[in-house]
Amino acid sequence: MKILSINTKSKKYNIYIGHNIIAQFSKIIKKEKIKFKKSLIVVDKNIPNKFLNKLYSKIKCEKKLIFHFDSSEKNKNFINVNSIIEKLFINNFSRNDVIICFGGGIAGDVSGFAASIYKRGLKFVNIPSTLLSQVDSSIGGKTGVNNKFGKNLIGSFYQPDLVISDSLLLRSLPRREIICGYAEILKHSLIKNKKFFLYLNENLKNILLLKKKFINKAIVESCKIKKQIVEKDEKEINLRKSLNLGHTFGHAYEATLNYSKKLNHGEAVLYGILSAAKFSAKLNFLNKYNYKLILSHLSNLGFVNLNKFFKKKDLNKIISFMISDKKNITNKINLITIKKIGSVNTSKQFDSIKVKKFINSLLIE
């Protein structure tokens, strides 16, 4: 088991990473000195009962409640946040009690947001159950919900009290979900660590097959990169913007498809990384050697043809979502571009007409 300590200005907390460590939940809580009388487990409906039962048996407190959450982008809304909060009020939770999220990134965002606004904040323990949430959304304190204007436009920065990432949980996931999480691992390597990218390139098959040695190393190294960035820039003032590599494109792709099952978040991010790499190469920020390495890696994953999902008729909608992205502070589009593998540009703004022409070129390839 590996323990990473996250030390931000607002809170210090630990991330536990290992295999079958929810079985040690009560020991970890005791070690972390997290005390509570009541707990609400917000559990993703996709989690097998055997894992929920195991966790439930390890939670030691006076009152344990369960809120079953149907995890999807369409359910990432105020209605579900309010349902969680009502359950807390009905059972008279205090600020010293706890919400325990047992689910993926969507469940974590919704329950974390609820935790941040209930009586101005109660304890929050996150047990991410997907690869994507283990390496990305559970680290750094971003919470929030979607609305008709776009993704994650309403939310807060609220650091958890504890994160427990159990790689055993990943074995219940379909391959599509593993690739979804792998998108964020790849993103981290492109932002900060070429050596890690080369490790991923060499061991892609073993990582996707969830071989213990390889998947645990990938999770730990990915978390280390996000830890370094979040500690330096908790509120996304400068450096943390680099974590949006592929996301401005990706979020627009998701929203254009109305968050349908045709394209999940991680898949959209992979297409976003593809778009960012091609855009960076077109502008001569990224040299041919690095570009070909990235393209080859995405090809091995099967993510090179954006026109499988979008046609020219979708172009205006894609651009409108990119313009309304929360990271934009002017009428221009803020994009993270790649300088080389392991290094990115964080403060580049581009005219929407230029970006529109570029995306149009991707759709007719």
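In what follows, the structure referred to is the one given above.
Quick caveat: nothing in here was measured; it's all calculated off a predicted structure.

A. Region of interest: the environment of N201. Along the chain, N201 turns up in helix α7 (residues 194-208). Exposure remark for N201: the relative accessible area of 30% places this residue in the partly exposed category. Sequence separation between N201 and L186 is 15 residues, and the spatial gap between their C-alpha atoms is 9.4 Å. When residues no more than four places from it in sequence are discounted, the contact partners of N201 are L293 and H297. Side chain to side chain, N201 and H297 meet in a polar contact 2.6 Å long.

B. Region of the structure containing the pairing of strand β7 (residues 142-147). In terms of strand pairing, β7 meets strand β8 (residues 150-157) through 5 bridges, oriented antiparallel. Looking across to β8, one finds that K142 is bridged to F157. What sits between the antiparallel neighbours β7 and β8 is a turn of 2 residues.

C. Here's a closer look at the packing of aromatic side chains. If you walk through the whole model with that rule in mind, you get 10 aromatic pairs. Geometrically, the ring pair formed by F279 and F358 is tilted, given 4.8 Å between the ring centres and 55° between the ring planes. On the criterion of sequence distance, the pair formed by F279 in helix α10 (residues 265-282) and F358 in helix α13 (residues 352-363) is long-range, its members being 79 residues apart. One exposure class covers both F279 and F358, and it is buried. Taken together, F249, Y253, Y271, F279, F303, F309, F310, F350 and F358 form an aromatic cluster joined through their ring pairs. When the ring centre of Y56 is taken as reference, the NZ or CZ atom of K64 above it lies at 4.1 Å. A cation over a ring is seen here: K217 above Y199, with NZ or CZ 5.2 Å from the ring centre.

D. Highlighting helix α3 (residues 78-90). Spanning 13 residues, α3 covers 18 Å between terminal C-alpha atoms, matching the ideal 18 Å at 1.5 Å per step. Those residues of α3 that sit buried are N80, V81, I84, I85 and L88. Mapping the buried residues of α3 onto a view down its axis gives an arc of 135°, with all of them on the same face. In α3, the exposed positions that point more than 90 degrees away from the buried face belong to I79 and I90. Its buried side turned inward, α3 meets β3 (38-44), β4 (63-69), β5 (98-103), α4 (105-117) and β7.

Parameters and conventions
- Counting of residues starts from 1 at the beginning of each chain's written sequence and follows it residue by residue.
- Two thresholds apply to this predicted model, a pLDDT of at least 70 for residue-level local features and 80 or more for giving and counting side-chain atom pairs, whereas whole-chain, interface and lining totals are computed over all residues.
- Side-chain figures throughout are based on the complete set of non-hydrogen atoms in the structure, without hydrogens or water.
- The way it works is that DSSP assigns letters per residue, a run of H or I at least four long becomes a helix, a run of E at least two long becomes a strand, and they are numbered from the N terminus.
- Buried means the residue's accessible area, taken with a 1.4 Å probe over protein chains only, is under 20% of the maximum for its type, while exposed means over 50%, and partly exposed covers the values in between.
- For this analysis, residues touch if any pair of their heavy atoms sits within 4.5 Å.
- Nitrogen and oxygen atoms within 3.5 Å of one another constitute a polar contact, given that in protein one can donate a hydrogen and the other can accept it, and given that sequence-neighbouring residues count only through two side-chain atoms.
- We call two strands paired when DSSP finds no fewer than two bridges between them.
- Here is the rule: rings of Phe, Tyr and Trp (six-membered ring for Trp) pair when centre to centre is within 6.5 Å. Planes less than 30 degrees apart are stacked, more than 60 are edge-to-face, and the remainder are tilted.
- When the NZ atom of lysine or the CZ atom of arginine is within 6 Å of a ring's centre and also within 35 degrees of its normal, the charge is said to sit over that ring.
- One fewer than the residue count of a helix, multiplied by 1.5 Å, yields its expected span.
- What the arc covers is the set of directions going from the helix axis to the C-beta atoms.

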